[in-house]
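# Observations on the model geometry
Below, each chain spelled out in residue letters.
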Amino acid sequence: MKAFKLDKKPKINSGFKVPDAYFENLESSILQKISTKETPVFTLFTKRNWLLATAAVFVIALSIPLVNQMTTSTSTVDEVQLENYLCEQSNLSEDDIVELLDEEKIEKIKLDLNVDSNELEDALLTNSNLEDDIIN
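## Details of the overall build of the protein chain
Assigned secondary structure in the protein chain consists of seven helices and zero strands. Looking at the 136 residues of the protein chain, the share that counts as buried comes to 0%. As displayed, the protein chain has an accessible area near 14,700 Å², and 59% of this comes from carbon and sulfur atoms.

## Regarding the confidence of the model for the protein chain
Confidence along the protein chain averages 78 in pLDDT terms, with 87% of residues attaining 70 or more. When pLDDT is averaged over each helix and strand of the protein chain, the minimum, 68, is found for helix 7 (residues 130-135) and the maximum, 88, for helix 2 (residues 47-71).

## Some thoughts on a nonpolar patch on the surface
A cluster of nonpolar side chains, contributed by Val77, Leu82, Tyr85, Leu86, Leu92 and Ile97, occupies part of the molecular surface with about 500 Å² of accessible area. Sorting elements by how many residues they give to the nonpolar patch places helix 3 (residues 79-88) first, with three residues. Within the element layout of this structure, Val77 appears in the loop between helix 2 and helix 3. Taking the relative accessible area as the measure of exposure, Val77 reaches 56% and is therefore exposed.

## Some thoughts on unusual backbone geometry
For Ala21, which is not glycine, the phi dihedral falls at a positive 60°. Looking at the element boundaries, Ala21 is found in the segment before helix 1 (22-33). By relative accessible area, which is 42% here, Ala21 ends up partly exposed.

## Details of the packing of aromatic side chains
A full pass over the atoms with the stated rule returns one aromatic pair. On the basis of an interplanar angle of 80° and a centroid distance of 5.2 Å, the ring pair of Tyr22 and Phe23 is categorised as edge-to-face.

Procedures and definitions
Residues numbered from 1 in each chain as written. Predicted model: local features only at pLDDT ≥ 70, side-chain atom pairs only at ≥ 80, totals over all residues. Heavy atoms only, no water. Helix = DSSP H or I, 4+ residues; strand = E, 2+ residues; numbered from the N terminus. Buried < 20%, exposed > 50% of the residue type's maximum accessible area, 1.4 Å probe, protein only. Areas by Shrake-Rupley, 256 points an atom, 1.4 Å probe, with all protein chains shown as cover. pLDDT = per-residue confidence, 0-100. Patch = residues over 30% accessible without salt bridge, like charges linked within 9 Å, V, L, I, M, F, W, Y side chains within 5 Å. Salt bridge = Lys/Arg side-chain N within 4 Å of Asp/Glu carboxyl O. Phe/Tyr/Trp six-rings, centres within 6.5 Å; stacked < 30°, edge-to-face > 60°.

Written out as structure tokens, the structure reads:
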């Protein structure tokens, strides 16, 4: 390859040429292209936007209780189903159940066992399977 020196002739032309008096006329040509017409300014806080924002907050505030009511399910358990479930669970003892109850609930559970002797005799006479129940 030949040695190339920049300070000697012939030089390579770049292909780009600046027009005559380009930089003298640049400022005036830019100012001509810029329009002096003012662009309108749109503010974000107009009366209409405030009304829309207030309506949106109002709708959200009213919908929160409705959504909570729809998502929470209130299931009522039948007393018979609850009793059967507790009877079938062999790992629960009477002590465990009593620990879960308050004094007020325990008082409600207590039964009045005042049985009339005539009623007791009638029950013993009419129940023929009583001996089987006593043995088992």
